[in-house]
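Tertiary structure, described
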Amino acid sequence: MSRQYYPASKSAQSSATRVVVVHRLTERQDIVRAAGTWGQAKFSAKLRGADLSLSQVQDRHDQTEQALQTVSAAIPSSWRRGAVERADLDRFLFEPDDVIVIVGPDGLVANTAKYLTGQPVIGINPDPSSVAGVLVKHQAGACAELLGRVGEQRAAVESRTMVRAATDDGLELNALNEVYLGHPGHQSARYQLITPDGQSESQSSSGLLVGTGTGASGWLLSAARERNTPLPPLTPTDPALNWYVREAWPSPGTGATLTAGVLPDGAELRIRIGADGLVAFGDGIEADRLSLTWGQTVMFRASPRKLNLVLG
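Fair warning: this is a prediction, and the values are worked out from it, not measured in the lab. (Residues numbered from 1 in each chain as written. Predicted model: local features only at pLDDT ≥ 70, side-chain atom pairs only at ≥ 80, totals over all residues. Heavy atoms only, no water.)

Now for the sheet that holds strand β8 (residues 178–182). Overall, antiparallel pairing links the 6 strands, which are arranged β13-β12-β11-β8-β15-β16 in an open sheet. In the strand order of this sheet, the two ends are held by β13 (260–263) and β16 (289–292), each with one partner. Strand-to-strand, the axes of this sheet are offset by a mean angle of 15°, without reference to chain direction. As paired elements, β8 and strand β15 (residues 278–282) share 4 bridges and run antiparallel to each other. Bridging across to β15, Gly182 finds its partner in Val279. (Pairing = 2+ DSSP bridges. Helix = DSSP H or I, 4+ residues; strand = E, 2+ residues; numbered from the N terminus. Axes fitted to C-alpha atoms, helices over the stretch in contact; angles between N-to-C directions.)

A complete count under the given rule lists 13 salt bridges for this structure. With a shortest N-O distance of 2.7 Å, Asp98 and Arg18 are connected by a salt bridge. With Asp98 in the loop between β3 (80–85) and β4 (99–103) and Arg18 in strand β2 (residues 18–23), this pair connects stretches of sequence that are 80 residues apart. A relative accessible area of 11% means that Arg18 is categorised as buried. The salt bridge involving Asp90 is made with Arg91; its shortest N-O contact spans 3.5 Å. Judged by its relative accessible area of 59%, Arg91 is exposed. Residues participating in the shared-partner salt-bridge network are Glu145, Arg149, Glu152 and Arg154. (Salt bridge = Lys/Arg side-chain N within 4 Å of Asp/Glu carboxyl O. Buried < 20%, exposed > 50% of the residue type's maximum accessible area, 1.4 Å probe, protein only.)

What follows covers the pairing of strand β5 (residues 120–124). Along β5, 5 of the 5 residues are buried, which leaves the element largely enclosed by surrounding structure. Judged by which residues are buried, β5 turns out to be covered on both faces: Pro120, Ile122 and Ile124 on one side and Val121 and Gly123 on the other are all buried. Pairing analysis gives 4 bridges linking β4 to β5, with the strands arranged parallel. Pairing of Ile100 across the sheet is with Val121, part of β5. For the crossover that starts at β4, traverses helix α4 (residues 106–113) and ends in the parallel β5, the hand is right-handed. Summarising the sheet, β5 and strand β17 (residues 297–310) pair through 2 bridges and their orientation is parallel. Note on β17: the bridge partner recorded for Pro120 is Asn308. (Right-handed = clockwise from strand over helix to strand, strands pointing away.)

Structure below.
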């Protein structure tokens, strides 16, 4: 594991420091939005015999609310503060010297990472009984100490590799786990795949995935398990990437030979789009995507951005 001590910027040592708390709606809040009121939701759940499940939803909501309150109380009174809900991340302006505190499941860290430019991230697990805590490694009670360490340049940080997809006309997106390129409905996608060593193949497939060591336990893992000879596993800080083609279809005009590989640090995988209507999106967020047209080229490589995850 690669560790470093996060060097707080000049503003992180002053009253100008801003802590941004990132959160998402809880299941309870989603249910209330759909049902109108919590009372109506409980009435409907009782009719379906789902009272126990709704009780668990309430417990998780209470734990998240308590964690948010604890985090808020941990922010020094002289520091600025901000908050953003997951649905608004693409419209929120993060500042270079922000300290990011993410309260929620591991996926919320991936959702947020693509909008950051190296700011330190403290992941808070509001419910250790149901959240794995791979990226949200800390309980809310530790937040005050962790903020102090970041401000005093004593925080141990793990810099995790991210993946970037960039088009030949200047658009790009970054992701922590993986980027998917294909048809939005997962129908056949046609393109030409060009490897770093110059091999080329026209393909028709269910799309392809290019991902990092962090993503190796998610969507990439399912692709790897389909292979008789899976690629060597990556660590979260490994600068290399793995790529997999999903369900390549051999035909007189398309091949199925180049279906997996490793992108060493600095190497680039190129995809020349062979049909309109294809997309590329990162970490499962389809709403934030690149819309691709025939003839465009998409380049995949390790991103210059890193997720700076505070370990302690």
